[in-house]
Amino acid sequence: ANHGRKVFKKLPDKGAEAVDVFLYYWDARDGPTFEGWWFGNKLGGTQVWSHNASAAMTPPQSGWKIPWDGAPRPTLVVENKALMQRAAGLEKLSATS
């Protein structure tokens, strides 16, 4: 956990070059510009790729800025994998009924 929120780390793809990718929350201790959810190469690091100013307990689905100080990009969507798998299972179950 970091600043009261869960930290997420991308698992490496098989056969791909390993790049550490973390999704974490940073509170307002460094000012309001830095508060929110971040994608970066390490927790609290200076190499960051995307930012979302949301203070929600979980990462927001949309509104991610790329670069971190740029405009929001609708093409970056964060989804909860467990919820996606559950929905897919329910869809498969209803298709067989």
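Everything here concerns the structure above.
Residues numbered from 1 in each chain as written. Predicted model: local features only at pLDDT ≥ 70, side-chain atom pairs only at ≥ 80, totals over all residues. Heavy atoms only, no water.

Draft legend 1. Broad picture of the environment of L90. With respect to the helices and strands, the residue L90 is situated in helix 1 (residues 81-96). Separated by 40 residues in sequence, L90 and S50 have C-alpha atoms that sit 32 Å apart. (Helix = DSSP H or I, 4+ residues; strand = E, 2+ residues; numbered from the N terminus.)

Draft legend 2. Quick peek at the pairing of strand 2 (residues 22-26). Most of strand 2 is tucked away: five of the five residues are buried. Burial along strand 2 is two-sided: F22, Y24 and W26 and L23 and Y25, pointing in opposite directions, are all buried. The sheet contact formed by strand 1 (residues 8-9) and strand 2 spans two bridges and is antiparallel. Residue pairing in the sheet places F8 in a bridge with L23 of strand 2. Of the strand pairs in this sheet, strand 2 and strand 3 (residues 36-40) are connected by five bridges, and their pairing is antiparallel. Its bridge partner lying in strand 3, F22 is registered against G40. (Buried < 20%, exposed > 50% of the residue type's maximum accessible area, 1.4 Å probe, protein only. Pairing = 2+ DSSP bridges.)

Draft legend 3. The pattern of salt bridges, seen in detail. This structure, assessed with the given rule, holds three salt bridges. Where K9 meets D20, a salt bridge forms, and the shortest distance between an N and an O atom there is 3.5 Å. Placement of K9 in strand 1 and of D20 in the loop between strand 1 and strand 2 is noted, with a sequence separation of eleven residues between them. Classification of K9 as partly exposed rests on a relative accessible area of 49%. Given the relative accessible area of 40%, D20 is considered partly exposed. (Salt bridge = Lys/Arg side-chain N within 4 Å of Asp/Glu carboxyl O.)

No statement about biological role is implied by the geometric values presented.
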